[in-house]
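As a plain string of letters, each chain reads:
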Amino acid sequence: MILTEYPDRDMLALDLSDRLASELGSALRHKERVTFAVPGGTSPGPIFDALTAVRLDWDRVDVVLTDERWVPESAERSNTRLVRERLLQGHAAAATLLPLVADTPTPEEALEGLSEGLLPHLPIDVLVLGMGADMHTASLFPGADRLEAALAADAPALMAMRAPGAPEPRITLTAPVLRGAISIHVVITGAEKRAALERAAGMTPAEAPVATVLDEAVVHWAE
Ligand SMILES: O=C(O)[C@H](O)[C@@H](O)[C@H](O)[C@H](O)COP(=O)(O)O
C-alpha cells in the first residue's frame, strides 16, 4: 500500500484528479475505449468537479460505479444521480455511464442484464474507491450476507448485497473485478478513517473488505 497524505481536502481533490486524468489519458493512447470506475458517497464529489474541467477524449471513456444503492436515480441517495450531476458535466459530459441500477424491485432481478453491459468493459483501467470507517469498500461490507462469495476469486463481476447498517439493498463490483483493475486509488478523509485504514492493513478481507485491494492501491488521505 502506498499512502499519500495531503495538507487539506482541496489539495487532495486537485492532485488526485490530475493523476486520474493523466492515467486515463495514458490508457487512451493504447486503447480505443477505457473504463473508469468511481465510488459514490460524499468523498468523490470534489474530485469529480475537478475532472469536469479536464480536456481528454471523454467520448472514449466508459464510467461505471463501484457500487450503487438500490434506489431510483431521482433519489438523494442515488450514486448514479451523483455521477450524472457532478462528473458527467463540462468536458466529461461526453463520457458514457455504464448502468449499475435498473427499475426492478430488487438488484438480484437486474444482475444478468447489468452484468452483460459491464463484462465487455473489464478490466477496469482506472479505479477509485472510497472506504467507510467500518473498512468497507464499494458495497463489500463486513458482515454482509454474501461477503465471502463476493471476495472469492471465482466471484461473478456483479453481486447484490445486503448488509447490517446499509439502509437499502446494494449492488456491487466484487473483489476479483476490483483487484483486476490496472490502477487502484482509495480516497479517505479524516482521522477516523485513517485509523481504520491502519487497522485494515493488518486484517483479512473478510474482516476488513478494503484489505482486498490495499496491497495494490495508492491511498490518498487528508484530515
Ligand atoms: O455507495 C457508497 O456509499 C460508496 O460507494 C461507498 O463504498 C463509499 O465509498 C463509502 O461508504 C465511503 O463513503 P463516504 O465517501 O461518503 O465516506
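Predicted model, so just to flag it, every value in this text is computed and none were measured.

## Considering the site of the ligand
- Taken together, 15 residues surround the ligand, and among them S43, D67, H136, A138 and K193 come closest.
- T42 is positioned such that a nitrogen or oxygen atom in its backbone is 2.7 Å from an oxygen atom of the ligand.
- At a separation of 2.7 Å, an oxygen atom of the ligand approaches a polar backbone atom of A138.
- Isolated, the ligand exposes 410 Å² of accessible area, and the fraction of that covered by the protein chains is 88%.
- For the shell around the ligand, a count of residues per class yields 3 nonpolar, 8 polar and 4 charged.

## Notes on unusual backbone geometry
- The peptide bond linking L122 to P123 adopts the cis configuration, its omega dihedral lying at 5 degrees.
- Tracing the backbone shows P123 in the loop between α4 (111-118) and β6 (126-129).
- Positive phi is not limited to glycine here, since M135 has a value of about 70 degrees.
- Considering the arrangement of structural elements, one finds M135 in the loop between β6 and α5 (147-151).
- Overall, M135 belongs to the buried group, its relative accessible area being 7%.
- Of note, A138 is a non-glycine position whose phi angle comes to about 50 degrees, a positive value.
- Counting through the fold element by element, A138 comes out in the loop between β6 and α5.

## A closer look at the sheet that holds strand β7 (residues 158-161)
- Taken together, 3 strands build an open sheet; the order of strands is β4-β8-β7 and the sheet is antiparallel. Looking along the sheet, the strands with just one partner apiece sit at the ends: β4 (67-69) and β7. Sheet twist, expressed as the average angle between the axes of neighbouring strands with direction ignored, equals 20 degrees.
- Pairing of β7 with strand β8 (residues 170-173) involves 4 bridges; the strand directions are antiparallel. The residue of β8 that forms the bridge with M159 is T172.
- Taken strand by strand, α4 contacts β7 and β8, and its axis lies near 145 degrees from that of β7.

## A short note on the packing of aromatic side chains
- Applying the stated criterion to the full structure yields 0 aromatic pairs.
- Sitting over the ring of W221, R194 keeps its end group 4.8 Å from the ring centre.

## Looking at the UniProt feature "domain: Glucosamine/galactosamine-6-phosphate isomerase" (unreviewed entry) in the chain
- The positions UniProt marks with the feature "domain: Glucosamine/galactosamine-6-phosphate isomerase" (unreviewed entry) are residues 7-221.
- Along residues 7-221 the backbone is 31% helical and 18% strand, and the end-to-end C-alpha distance reaches 9 Å.

## A word on the pattern of salt bridges
- Going through the model one piece at a time under the given rule, you end up with 16 salt bridges.
- One salt bridge connects R33 with D62, and the closest N-O pair in it is separated by 2.9 Å. Highlighted residues: R33 in the loop between α1 (9-28) and β2 (34-38) and D62 in strand β3 (residues 61-65), separated in sequence by 29 residues.
- For D62, a relative accessible area of 2% corresponds to the buried category.
- Notably, a salt bridge pairs E85 with R81, separated by 2.9 Å at the nearest N-O pair. Here R81 and E85 lie together in helix α3 (residues 79-86), a separation of 4 residues that amounts to about one turn.
- Among the residues examined, E85 registers a relative accessible area of 47% and is labelled partly exposed.
- The class for R81 is partly exposed, based on a relative accessible area of 24%.
- Residues joined in a network through salt bridges with shared partners are D67, R77, E168 and R170.

Reading the values: rules and limits
Residues numbered from 1 in each chain as written. Predicted model: local features only at pLDDT ≥ 70, side-chain atom pairs only at ≥ 80, totals over all residues. Heavy atoms only, no water. Near = heavy atom within 4 Å. Polar contact = N/O pair within 3.5 Å; in protein donor to acceptor, adjacent residues only side chain to side chain. Areas by Shrake-Rupley, 256 points an atom, 1.4 Å probe, with all protein chains shown as cover. Nonpolar A, V, L, I, M, F, W, Y, C, P; charged D, E, K, R; others polar. Helix = DSSP H or I, 4+ residues; strand = E, 2+ residues; numbered from the N terminus. Buried < 20%, exposed > 50% of the residue type's maximum accessible area, 1.4 Å probe, protein only. Pairing = 2+ DSSP bridges. Axes fitted to C-alpha atoms, helices over the stretch in contact; angles between N-to-C directions. Contact = heavy atoms within 4.5 Å. Phe/Tyr/Trp six-rings, centres within 6.5 Å; stacked < 30°, edge-to-face > 60°. Lys NZ or Arg CZ within 6 Å of the ring centre and 35° of its normal. UniProt positions renumbered as here; feature names shortened; annotations may be inferred. Salt bridge = Lys/Arg side-chain N within 4 Å of Asp/Glu carboxyl O.

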